[in-house]
Amino acid sequence: MNNISVIGSGTMGNGIAHVFAQHGYQVNLIDLKDDFLQKALATISKNLDRQVSKEVLTETEKMQALDRINTFTDLEAGIQNADLVVEAATESMDIKLDLFRKIDQFSPAAAILASNTSSISITKIAAVTQRPAQVIGMHFMNPVPVMKLVEVIRGYATSDEVTSTIMQLAKDLSKEPVEVNDYPGFVANRILMPMINEAIYSLYEGVAGIQEIDTVMKLGMAHPMGPLQLADFIGLDVCLSILRVLQEGFGNPKYAPCPLLVNMVTAGYKGVKTGEGFYKYTKASKELVVSDRFLK
């Protein structure tokens, strides 16, 4: 396996492309617009520079990694020679199902099709293809170049051979793969999202303020980041989407998203990506400042 196609050049997609290219794979990075791709390449270059400054890579290795990445706005052209396609598009069921129908049509018959989805059923995704045994979840953690975990999710029909191949591939990327079965939220988000939702409920119900909630979890539970800050980092829209997948998948009201989360996403306050969520984010400062909307 040498030729990797990554669909989606956002935060997760460019991180996935970065890691594959760094480890010697040829990467086709695919998105709808060239502007998106150029922004992704700039991000990858910046993150590689950071690795050079920390002496993880040499300058030559950085340039070699960048040279392994080709960009495409044409899906068919970008996946026609792929050994593995990794989909890292928006966390939307409709978008992913539509993409996998096309990926199945245009990619080589032997190619493995993987999704970086954080919650959507691999079995459902696989069902729209003619190769369900070759469809698998490959859920990287953010930031991809730093985080070691890869959740490898077996759909109902995923073969043992494909699972073994992807487990070994993750190890070849210097990651730690963990095999899980295909149920809503898998393991990571089935546990994480209810915790984040409960933190938002604690704020919504006036139990404590933003910094107080985050401080309790950081100092009391040794979390490197409080749940409200983490929600901002993940994206409040992504948190909401995952909670709705959990609620629908299990039919259990305990997964119902907090009304405050729903209102914030509806109003466009999605966290770091929009500059404001529970905290305010500016390029000029790394100081964590609580959003004015939550100040008494």
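Keep in mind that what you see is a predicted model, and the values were worked out from it rather than measured.

A look at the UniProt feature "domain: 3-hydroxyacyl-CoA dehydrogenase C-terminal" (unreviewed entry) in the chain
Working step 1: Summarizing the sequence annotation, UniProt attributes the feature "domain: 3-hydroxyacyl-CoA dehydrogenase C-terminal" (unreviewed entry) to residues 185-281 in the numbering used throughout.
Working step 2: As a span, residues 185-281 carries 62% helix and 3% strand, and end to end its C-alpha atoms are 28 Å apart.

Considerations on the pairing of strand β1 (residues 3-7)
Regular strands show a simple pattern: their side chains alternate between the two faces of the sheet.
Working step 1: Burial analysis of β1 places four of its five residues in the buried class, the great majority of the element.
Working step 2: Pairing geometry for β1 and strand β2 (residues 26-30), over five bridges, is parallel. In the strand pairing of β2, Asn3 is matched with Gln26.
Working step 3: Regarding the hand of the β-α-β motif, the stretch spanning β1, helix α1 (residues 11-22) and β2 is right-handed.

A short note on the sheet that holds strand β5 (residues 112-115)
Working step 1: The strand order across the open sheet formed by eight strands is β3-β2-β1-β4-β5-β6-β7-β8, and the pairing between neighbours is mixed. A single partner strand is all that each edge strand has here, and the edge strands are β3 (69-72) and β8 (176-181). Between one strand and the next, the sheet's axes are offset by a mean angle of 25°, whatever the strand orientation.
Working step 2: Bridge count for strand β7 (residues 149-154) against β8 is six bridges, and the pairing is parallel. Bridging across to β8, Leu149 finds its partner in Glu176.
Working step 3: In this fold α1 packs onto β1, β2, β3, β4 (84-87) and β6 (135-140), with an angle of close to 165° to the strand it touches most, β2.
Working step 4: Against the sheet, helix α5 (residues 93-106) makes contact with β1, β4, β5 and β6, and its axis sits at roughly 165° relative to β5, the strand it touches most.

Observations regarding the packing of aromatic side chains
The way to describe two aromatic rings as a pair is by their centre distance and the angle between their planes.
Working step 1: Taken as a whole and assessed by the stated rule, the structure comprises four aromatic pairs.
Working step 2: Between Phe278 and Phe294, the aromatic rings sit 5.7 Å apart at their centres with planes inclined by 35°, giving tilted as the arrangement. Pair noted here: Phe278 is in the loop between α12 (259-266) and β9 (279-282) and Phe294 is in the segment after β10 (285-290), with a separation of 16 residues, a long-range link.

Structural notes on the side chain of Asp31
Working step 1: Position of Asp31 among the secondary structure elements: in the loop between β2 and α2 (34-53).
Working step 2: Look at Asp31: it is buried, it has no salt bridge, and the nearest opposite charge is Lys33 at 9.1 Å.
Working step 3: Only 2.6 Å separates the side chain of Asp31 from the side chain of Ser9, close enough to count as a polar contact.

Topic: the UniProt feature "domain: 3-hydroxyacyl-CoA dehydrogenase NAD binding" (unreviewed entry) in the chain
Working step 1: Residues annotated in UniProt with the feature "domain: 3-hydroxyacyl-CoA dehydrogenase NAD binding" (unreviewed entry) correspond here to residues 4-182.
Working step 2: Helix makes up 44% of residues 4-182 and strand makes up 22%, while its end C-alpha atoms are separated by 24 Å.

The rules behind the values
Residues numbered from 1 in each chain as written. Predicted model: local features only at pLDDT ≥ 70, side-chain atom pairs only at ≥ 80, totals over all residues. Heavy atoms only, no water. UniProt positions renumbered as here; feature names shortened; annotations may be inferred. Helix = DSSP H or I, 4+ residues; strand = E, 2+ residues; numbered from the N terminus. Buried < 20%, exposed > 50% of the residue type's maximum accessible area, 1.4 Å probe, protein only. Pairing = 2+ DSSP bridges. Right-handed = clockwise from strand over helix to strand, strands pointing away. Axes fitted to C-alpha atoms, helices over the stretch in contact; angles between N-to-C directions. Contact = heavy atoms within 4.5 Å. Phe/Tyr/Trp six-rings, centres within 6.5 Å; stacked < 30°, edge-to-face > 60°. Lys, Arg positive; Asp, Glu negative; His and termini not counted. Salt bridge = Lys/Arg side-chain N within 4 Å of Asp/Glu carboxyl O. Polar contact = N/O pair within 3.5 Å; in protein donor to acceptor, adjacent residues only side chain to side chain.

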